[in-house]
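# Results of the structural survey
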Amino acid sequence: MAAYTIAIVGAGPAGYFAAQALQNVETEDLKFSIDMIERLPTPWGLVRSGVAPDHPKIKTVSKVFEKIASHKTFRLFANVEIGTDISVAQLQEKYDAVIIATGSSLGKTLGIPGEDLPGSISAADFVPWYNAHPDYVEVNVPLDCDTAVVIGAGNVAIDVARMLALEPSKLDPTDTADHAIAVFKTSAVRDVYISARRGPEHAAFTSPELRELPKLEHTNVAINKSDIDAAIVRAGAEPEKDVKSNLDAMLLIAESQKSEHERTMHFLFQHTPKQILGTERVEGVLYSTPKGDVTIKCGLVIIAIGYQAASINGVPYENGKVVNTGGRVKENLYVVGWAKRGPSGVIGTNKSDAAAVVELIINDMKSPKNAGDISDLLTNQVVVDQRAWQKINEAEVAAGESKGKPRVKSIRRDELLKLGLS
Ligand SMILES: Cc1cc2nc3c(=O)[nH]c(=O)nc-3n(C[C@H](O)[C@H](O)[C@H](O)COP(=O)(O)OP(=O)(O)OC[C@H]3O[C@@H](n4cnc5c(N)ncnc54)[C@H](O)[C@@H]3O)c2cc1C
């Protein structure tokens, strides 16, 4: 029998699906010990700190993650950062294979003047702020203005715009960070613009996200019907299935607009941002459009135009992703998920992607190294193992019960460690 040790760096969907793929191919003769290493005291990656809190169903995939973690040869080492606490090279020496699954956590920038003004925030900072990520508690989100602009044409832009345009009491039964709910409740924002550089036929929204918008109980959603009519013509007689489905969803919104609510989400197409205006803070966005330059006055801009990977020493990067060929990086180093592909696809996309990389790993395998594991490398780190994480998880869920929430997330590392390790 051959028993291999595998280190997976990052406890997001891609990391768990890689572990699952390894578990699925185990036989009497082929076994894997899996050590999953996570920099935060909590696992689940963007399922905890990215997915919108008003979409609790999507977060139920965490049950799958916990099942994977319950396997007897799976161990969690959370609160351990690779690249700082322990190097990738050290892991490569110890393990038969190392799989990088660290996602892409940095927001892409527009590269236009005014982007650094107070009140201009990346979705990569705003989203983890409302989702209680311990590193983003201090982000300043000024909601004292009547208008906010979200720049971007993907599902993250929709999530962000929806969070800004929701009637804030809708967040009470969710696991939105308490500090964010408090700020949303003081929000003066009543108009939220989502601006896309190109036409509706090119938008990267997915139609289920669009189809949900008319169901918002306290928010108007406004799309110019003429924008959609023109896009339908441009898309031609046989548009791709996804494009058609998106255009149908947008047409439905355009044809059945409500206007009775205080809050409105507006879609702008063919608006290319040229400058974020303001002196002390954001005062507006200057756009170039086919009809000439226009300015939207606003006090808050959220930039949601994509993500890139944060680099880790010892791992090669290019264009915001880990340099790889089908998931193989170098020697016994591999990559899966957003760190491999960039920020595209849904949670499930990471499953097939990880399974393909695991196939590659198995084909590359030589005899097991038997060189020890991460325990030999941990010196001063306080480690949150699966048992400690379960204590944190149970405590958060229990704290939510009396409030009608799925959980109340603890936002500080020391609080999380106390819950897990006391
Ligand atoms: C705002 C937002 C909303 C989304 N909503 C949906 C949705 O509704 N439905 C859907 O299907 N998909 C959604 N997605 C996409 C989905 O979240 C991704 O497909 C998925 O999370 C990518 O998985 P990943 O494991 O590659 O990365 P991540 O989920 O980012 O996980 C990476 C993990 O690695 C850890 N890590 C990073 N660096 C280190 C290090 N040096 N050492 C140790 N650990 C490290 C991170 O802390 C993190 O836990 C959303 C994404 C975003 C950004």
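Residues numbered from 1 in each chain as written. Predicted model: local features only at pLDDT ≥ 70, side-chain atom pairs only at ≥ 80, totals over all residues.

### A short note on the overall build of the protein chain
If you tally the helices and strands in the protein chain, you get 14 helices and 19 strands. Relative to the compact-globule value of 22 Å for 422 residues, the protein chain shows a C-alpha radius of gyration of 23 Å, a close match. Seen through its principal axes, the protein chain has C-alpha atoms that stretch 70 × 50 × 40 Å. Looking at the 422 residues of the protein chain, the share that counts as buried comes to 45%. (Helix = DSSP H or I, 4+ residues; strand = E, 2+ residues; numbered from the N terminus. Rg over C-alpha atoms; globule rule 2.2 N^0.38 Å. Buried ≥ 20, exposed ≤ 12 C-beta atoms within 10 Å, placed from the backbone.)

### What to know about the site of the ligand
Lining the immediate surroundings of the ligand are 34 residues, of which G10, G12, G45, G103 and G337 lie closest. Of all the secondary structure elements, the ones that give two or more residues to the shell around the ligand are α1 (13-24), β2 (30-38), α6 (155-165) and α11 (338-341). No fewer than three residues from each of domain 1 (2-105 + 309-421) and domain 2 (106-306) sit in the shell around the ligand. (Near = placed C-beta within 6 Å. Domains from an automatic or database assignment.)

### Observations regarding the sheet that holds β2
An order of β3-β2-β1-β4-β19-β18 is seen for the six strands of this open sheet, with the pairing classed as mixed. Each edge of the sheet is formed by a strand with only one pairing partner; in this case those strands are β3 (74-78) and β18 (328-330). Each strand of the sheet is rotated relative to its neighbour by a mean of 25°, with strand direction disregarded. Bridge analysis of β2 against β3 gives five bridges, and the strand direction is parallel. (Pairing = 2+ DSSP bridges. Axes fitted to C-alpha atoms, helices over the stretch in contact; angles between N-to-C directions.)

### What to know about the packing of helix α13 (residues 386-401) against helix α14 (residues 413-421)
Across the interface, α13 lies against α14 with an axial gap of 7 Å and an inter-helix angle of 110°. Taken as axis vectors, α13 and α14 run roughly perpendicular relative to one another. When α13 is examined against α14, the residues A388, W389, K391, I392 and A395 are found in contact with a partner set consisting of L416, L419, G420 and L421. Here the residues of the contact of α13 with α14 sort into seven nonpolar, one polar and one charged. (Parallel < 35°, antiparallel > 145°, perpendicular 65-115°, else oblique. Contact = placed C-beta atoms within 7 Å. Nonpolar A, V, L, I, M, F, W, Y, C, P; charged D, E, K, R; others polar.)

### Focus: the domain arrangement of the protein chain
Interfaces are frequently sized by the accessible area removed from exposure as the parts join. Along its sequence, the protein chain is organised into domain 1 (2-105 + 309-421) and domain 2 (106-306). One C-alpha centre belongs to domain 1, the other to domain 2; they are set 31 Å apart. With 22 residues of domain 1 in contact, the opposing surface of domain 2 contributes 23 residues. Within the side of domain 1 that touches domain 2, the residues separate by chemical class into nine nonpolar, six polar and seven charged.

### Some points on the sheet that holds strand β6 (residues 120-122)
The pairing of strands in a sheet happens through backbone hydrogen bonds and is either parallel or antiparallel. Taking strand neighbours across the sheet as the criterion, the six strands line up as β6-β14-β7-β8-β10-β9 in an open arrangement whose pairing is parallel. A single partner strand is all that each edge strand has here, and the edge strands are β6 and β9 (219-222). Each neighbouring strand pair of the sheet contributes to a mean axis angle of 20°, computed without reference to strand direction. Direction of pairing for β6 relative to strand β14 (residues 300-303): parallel, over a ladder of three bridges. For S120, the partnering residue across the bridge sits in β14 and is V301. In the packing of α6 onto the sheet, contacts are made with β7 (147-151), β8 (191-195), β9, β10 (263-268) and β14, and the angle to β8 comes to roughly 175°.

### A closer look at the pairing of β10
Within a regular beta strand, the side chains point alternately toward one face of the sheet and then the other, so they alternate between its two faces. Two strands pair when backbone bridges link them, and β8 and β10 are joined in this way by five bridges, in the parallel orientation. Its bridge partner lying in β10, V192 is registered against M265. Strand direction decides the pairing type here: β9 and β10, joined by four bridges, are parallel. Note on β10: the bridge partner recorded for N220 is T264.

### Observations concerning the environment of T295
With respect to the helices and strands, the residue T295 is situated in strand β13 (residues 292-297). What T295 contacts, discounting residues up to four positions off in sequence, is L277, G284, V285 and L286.

### As for the nonpolar core
Counting residues in hydrophobic clusters, the biggest one holds 123 residues, and the most contacted among them are A18, I99, V150, V160 and I302. Ranked by residues supplied to this core, first place goes to α6 with eight residues. Looking at which domains feed residues into this core, each of domain 1 (2-105 + 309-421) and domain 2 (106-306) gives three or more. (Core = buried A, V, L, I, M, F, W, Y, C linked by C-beta atoms within 7 Å.)

### Observations regarding α14
Because each turn of an α-helix spans 3.6 residues, side chains separated by three or four positions end up pointing in the same direction. Considered for burial, the residues of α14 that qualify are L416, L419 and G420. Seen along its axis, α14 keeps its buried residues to an arc of 95°; they face one direction. The elements touched by buried residues of α14 are α13. (Arc of directions from axis to C-beta.)

### Describing the environment of V357
By the secondary structure assignment, V357 is in helix α12 (residues 349-364). Taking the C-alpha atoms as reference points, V357 and V336, 21 residues apart in sequence, are found 7.0 Å from one another.

### Section: the environment of T60
The topology assignment puts T60 in the loop between α2 (46-49) and α3 (62-69). The sequence separation of T60 and V47 amounts to 13 residues, and the corresponding C-alpha distance is 8.9 Å.

### Re the pairing of strand β12 (residues 284-289)
Here strand β11 (residues 272-277) pairs with β12 via five bridges, running antiparallel. Looking at the pairing, L277 lines up with G284 of β12. Here β11 hands over to β12 after six residues, with G278 in that stretch at a positive phi of 145°. When β12 meets β13, the two strands line up antiparallel, connected through six bridges. For S288, the partnering residue across the bridge sits in β13 and is D293. The hairpin formed by β12 and β13 contains two residues between the paired strands.

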